[in-house]
Structures are given as C-alpha cells and as structure tokens.
Amino acid sequence: MNNQYNQEEIEKLRDLIKDIDTAMFTTSTPEGLISRPMMTQEVEFDGDLWFFTMKDTEKYREILHESDVNVSYAGKSYVSVSGKVEVVEDMNKKRELWNKAYEKMLDTSYDDPNVVLLKVNVRSAEYWETGSVTKNAVNLFKKMTGNDETDPADMNKTIKFQ
C-alpha cells in the first residue's frame, strides 16, 4: 500500500467492491479496448487489486505491451477503477491468494509456472452509489413527475489515489 493514499478513500472503495466477486478487467489492444470477466481476489483492498491469470493468454500479452487497465464492478453500486498493472510471480503471494475455486477454474495449481498474479495499482476510481430500493424508487418517481431537483453532477464521485 502506498502511504499517500487517503485512508477514508481506501475504506470507501473497499466497502463499494467488497461483495462483488467478478469484475470486468479491461486491457488495450492494437485493435482497441477489450474487457473480460475476472474473479477479484479475496484480500482486503489497500490500494491494490489482485487477479490470477495464465501467461499463455492474450490478456497477459496485452498487459506486457500496455500496463494501463480499467477494472469495473457492478453490484449495489457501480465502480470504475483505473490503474497500472504489474505481473507478480511471487510464489508465497500466489499461495496466499490461491483457493480451490481457481484450481478447478484454471485446471492447475498455484505453483504452475504458467500461473501469475496481476496486481493493479489503483490510480483513481469513479463510483455511483445506487442506494436502497426505496431511495431508487423515490428518485425515479421524482424524475417521472418532473420534481427531481438532483444536480446531475452529484450522481457520482471520483477518488484520486495519486
């Protein structure tokens, strides 16, 4: 974790993504952007996001050429995270984050030399809180009746980490 991160911002982002198992991981290719579903590691967010992948994938080759990525989450809230990705081959870290689901999903074990970790160093995050069903229904009713005085600029917030 980088000490310049604001603890409140980290806690806010941690709270927004903690119950969302799958993220869309976006990389850049010569043809454009591509997003893939990825399972976020069950580790307490401290400014970095962790994912497993294999070296023999297009995604791996793409991040070797362009380290800027986006990770998006959709659940009770919507979160878009921008950052730089780095490949981590530390065996202890792979062992720490590995679980049986990956063994079945990737059809291998953490000590396979083809398995690597992707560490996304978060630079910024933008989020939209959807709130409760009741709150959403009230907001929808206000919009439908023309009584919505909500400033569109208040619909989302941005967190800058660096």
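Definitions and cut-offs
Residues numbered from 1 in each chain as written. Predicted model: local features only at pLDDT ≥ 70, side-chain atom pairs only at ≥ 80, totals over all residues. Heavy atoms only, no water. Helix = DSSP H or I, 4+ residues; strand = E, 2+ residues; numbered from the N terminus. Buried < 20%, exposed > 50% of the residue type's maximum accessible area, 1.4 Å probe, protein only. Arc of directions from axis to C-beta. Contact = heavy atoms within 4.5 Å. Salt bridge = Lys/Arg side-chain N within 4 Å of Asp/Glu carboxyl O.

Another aspect to go through is the environment of V122. Among the structural elements, V122 can be located in strand β6 (residues 115-129). When the C-alpha positions of V122 and V85 are compared, they lie 8.6 Å apart, and in sequence the two are 37 residues distant.

Turning our attention to helix α2 (residues 58-65). Given 3.6 residues to a turn, an α-helix orients residues that are three or four positions apart in the same direction. Within the sequence span of α2, burial applies to K59, Y60, E62 and I63. Looking straight down α2, one finds that the buried residues subtend no more than 160 degrees of arc, so they occupy a single side. Opposite the packed face of α2, turned more than 90 degrees from it, sit the exposed residues L64 and H65. Where α2 is buried, its residues touch β1 (22-29), β2 (32-39), β3 (48-54), β4 (68-74), β5 (77-88) and β6.

Overall, the coordinates contain 8 salt bridges when judged by the stated rule. Put simply, E89 and K55 hold a salt bridge, and the shortest N to O gap is 2.9 Å. Placement of E89 in the loop between β5 and α3 (91-97) and of K55 in the loop between β3 and α2 is noted, with a sequence separation of 34 residues between them. According to the relative accessible area criterion, E89 is partly exposed, its value standing at 43%. Between E96 and K93 there is a salt bridge, with its nearest N and O atoms 3.4 Å apart. Placement of the pair is E96 and K93 together in helix α3, with a separation of 3 residues, close to one helical turn. Assessed through its relative accessible area of 52%, E96 is described here as exposed.

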